[in-house]
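Examination of the molecular architecture
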Amino acid sequence: MRTALIAGNWKMNGLQADATSLARAVVSAIEPQPSVEVLVCPPFVHLAPVGEALKDSGVRLGAQNCADVPQGARTGEIAADMLADLQVQYVILGHSERREFYAEDNRLIASRCEQAVAAGLRPILCVGETLEARDAGQTEAVIAEQLDGVLGILGAEGFVDGVIAYEPVWAIGTGRTATTEQAQAVHAFIRNRLAAYDADFAERTRILYGGSMKPDNAVALLAQPDVDGGLIGGASLKAEDFAAIHAAAARG
Ligand code: PGA
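Residues numbered from 1 in each chain as written. Predicted model: local features only at pLDDT ≥ 70, side-chain atom pairs only at ≥ 80, totals over all residues. Heavy atoms only, no water.

**Some words on the overall build of the protein chain**
Looking only at helices and strands, one finds eleven helices and eight strands in the protein chain. Along the three orthogonal principal directions, the C-alpha set of the protein chain runs to about 45 × 45 × 35 Å. Among the 252 residues that make up the protein chain, the fraction classed as buried is 53%. Sequence separation of 24 or more characterises 73% of the internal contacts of the protein chain that already satisfy a separation of 6 or more. Looking at the protein chain as shown, the accessible area adds up to about 11100 Å², and 51% of this sits on carbon and sulfur atoms. (Helix = DSSP H or I, 4+ residues; strand = E, 2+ residues; numbered from the N terminus. Buried < 20%, exposed > 50% of the residue type's maximum accessible area, 1.4 Å probe, protein only. Contact = heavy atoms within 4.5 Å. Areas by Shrake-Rupley, 256 points an atom, 1.4 Å probe, with all protein chains shown as cover.)

**Notes on helix H11 (residues 239–251)**
The first and last C-alpha atoms of H11 sit 18 Å apart over 13 residues, in line with the 18 Å expected at 1.5 Å per residue. Along H11, the residues classified as buried are Ala 239, Phe 242, Ala 243, Ile 245, His 246, Ala 248 and Ala 249. Check the buried side of H11 and you find it contacts strand S1 (4–9), helix H1 (16–29), strand S2 (36–41), helix H10 (215–222) and strand S8 (229–232). (Expected span 1.5 Å × (residues − 1).)

**Considering the pairing of strand S7 (residues 206–210)**
With five of its five residues buried, S7 lies for the most part within the structure. The alternating pattern of S7 places Arg 206, Leu 208 and Gly 210 on one face and Ile 207 and Tyr 209 on the opposite face, and all of these are buried. Note that strand S6 (residues 163–166) and S7 share four bridges and pair parallel. Pairing of Ile 164 across the sheet is with Ile 207, part of S7. Note that S7 and S8 share two bridges and pair parallel. Bridge pairing in S8 links Tyr 209 to Gly 230. Handedness of the S7-H10-S8 crossover: right-handed. (Pairing = 2+ DSSP bridges. Right-handed = clockwise from strand over helix to strand, strands pointing away.)

**A look at the pattern of salt bridges**
Overall, the coordinates contain 14 salt bridges when judged by the stated rule. As a salt-bridge pair, Arg 2 and Asp 228 come within 3.0 Å of each other at their nearest N and O atoms. Of this pair, Arg 2 sits in the segment before S1 while Asp 228 is found in the loop between H10 and S8, placing the two residues 226 residues apart along the sequence. We note a salt bridge from Arg 122 to Asp 161, for which the minimum N-O separation is 3.9 Å. Within this pair, whereas Arg 122 is found in strand S5 (residues 122–127), its partner Asp 161 is found in the loop between helix H7 (139–158) and S6, the two being separated by 39 residues in sequence. The partly exposed category is assigned to Asp 161, whose relative accessible area is 42%. Counted as one network, the salt bridges with shared partners bring together Arg 2, Arg 191, Glu 203, Asp 226 and Asp 228. (Salt bridge = Lys/Arg side-chain N within 4 Å of Asp/Glu carboxyl O.)

**Observations regarding the site of the ligand**
Near the ligand there are 13 residues, and of these Lys 11, His 95, Glu 167, Gly 173 and Ser 212 occur at the shortest range. For the ligand, an oxygen atom lies 2.7 Å from a polar atom in the backbone of Ser 212. At a separation of 2.8 Å, an oxygen atom of the ligand approaches a polar backbone atom of Gly 233. Summarising the interface, the protein chains cover 96% of the accessible area of the ligand, which totals 280 Å² for the free molecule. Grouping the amino acids of the shell around the ligand by side-chain chemistry returns four nonpolar, seven polar and two charged. (Near = heavy atom within 4 Å. Polar contact = N/O pair within 3.5 Å; in protein donor to acceptor, adjacent residues only side chain to side chain. Nonpolar A, V, L, I, M, F, W, Y, C, P; charged D, E, K, R; others polar.)

These results come straight from atomic positions and should not be treated as a statement about function.
In structure tokens form, the structure reads like this:
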């Protein structure tokens, strides 16, 4: 049985006071459930105060990226160790916005994942196709290439406690969500691909859906057998919406 994971990706939003008040609002809106893990991923500069606001709440802390090397001359980067030092437990890697706006490729993302795992963080590896790729019937080929580009280097044993997030690029921040059938089909494809590395690994690994997940579509998406949670952008910035999605995961 996989424990569901509901993760909020706050992206590059809010000043420190907004972040801490959102963290406090999330803590008071969420009713902790043993079957669901909850995580918020604020911008780097808000990690420490948000961590403080989450203290003893059961809501976990995540980051939105980490460096591909352990330390040293990498101006502007943040090492995985520095995140672990702030009680960060998860890190989002390979988000489509990183791939698109910062030209991150699979090789770089694999190195970031390696550093995350070495520091004891759990990577949340994002994969997803563009609308062009979907329309051209290339969805599975794109996802396979993104998964193998990282897992081919790390192997199942190198991706310990990692999480996969399926985020169709055309659904992110657009209000357009994958249908439950589309989501389940790709999630099943991903699990199958993971099984080529190791059957237990495939069974154990959580696969999150991301892309305009909202309280009104979360129940149906989270009820799919291979959807183990959500990576939520826009709706995670409203504590009540995020809590409603969490409640849907507790029911599913
Ligand atoms: P969204 O973002 O929920 O706003 O579509 C999801 C994500 O990019 O992680």
